[in-house]
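# A structural walkthrough
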Amino acid sequence: MTWYHLRNPDLCLPLSFQALRLSSSAMGKTTTGQIVNLLCNDVNRFDQVMMFLHYLWVGPLQAVAVTALLWIEIGMSCLAGMAVLIIVLLLQSFIGKLFSSL
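Quantities reported herein were computed from a predicted structural model and do not represent experimental measurements.

Another point: the overall build of the protein chain. Looking only at helices and strands, one finds 6 helices and 0 strands in the protein chain. The secondary structure elements of the protein chain, listed N-terminal to C-terminal, are α-α-α-α-α-α. The buried share of the protein chain, reckoned over its 102 residues, is 11%. Of the roughly 8,700 Å² of accessible surface on the protein chain, 72% is carried by carbon and sulfur atoms.

Structure follows, in structure tokens:
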């Protein structure tokens, strides 16, 4: 259990209500441990989204701020560094998708 489970157990409620609506034949095929495992995995994904969601707006804002500061300090050559940074970012995402499909 992570720190967010202890602070906000409301994430588990919609998932547990969905588990309670299972028919008796479906409950016969699955154990309680399997249902708890699925619930924990789903809540864990919500936790990860809440932790990393801010990077969607902070990342581009930081890139613009760093580019502006570098432009003031070293001029146009900062664009070469930012181009390398973007190329490495795209390469890393491509390799990550490639390895995740293995």
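On to the confidence of the model for the protein chain, then. Across the protein chain, pLDDT averages 80, with 76% of residues at or above 70. Element-level pLDDT for the protein chain is lowest in helix α1 (residues 3–7), with a mean of 49, against a maximum mean of 94 in helix α6 (residues 78–100).

So, about the UniProt feature "transmembrane region" (unreviewed entry) in the protein chain. According to UniProt, the positions carrying the feature "transmembrane region" (unreviewed entry) are residues 52–72 and 79–99. For residues 79–99, helix accounts for 100% and strand for 0%, while the C-alpha atoms at its two ends are 30 Å apart.

Here we take up a nonpolar patch on the surface. Taken together, the side chains of Leu-91, Phe-94, Ile-95, Leu-98, Phe-99 and Leu-102 present a nonpolar region at the surface, about 680 Å² in accessible area. Of note, Leu-91 is situated in helix α6.

Definitions and cut-offs
- Residues numbered from 1 in each chain as written.
- Predicted model: local features only at pLDDT ≥ 70, side-chain atom pairs only at ≥ 80, totals over all residues.
- Heavy atoms only, no water.
- Helix = DSSP H or I, 4+ residues; strand = E, 2+ residues; numbered from the N terminus.
- Buried < 20%, exposed > 50% of the residue type's maximum accessible area, 1.4 Å probe, protein only.
- Areas by Shrake-Rupley, 256 points an atom, 1.4 Å probe, with all protein chains shown as cover.
- pLDDT = per-residue confidence, 0-100.
- UniProt positions renumbered as here; feature names shortened; annotations may be inferred.
- Patch = residues over 30% accessible without salt bridge, like charges linked within 9 Å, V, L, I, M, F, W, Y side chains within 5 Å.
- Salt bridge = Lys/Arg side-chain N within 4 Å of Asp/Glu carboxyl O.

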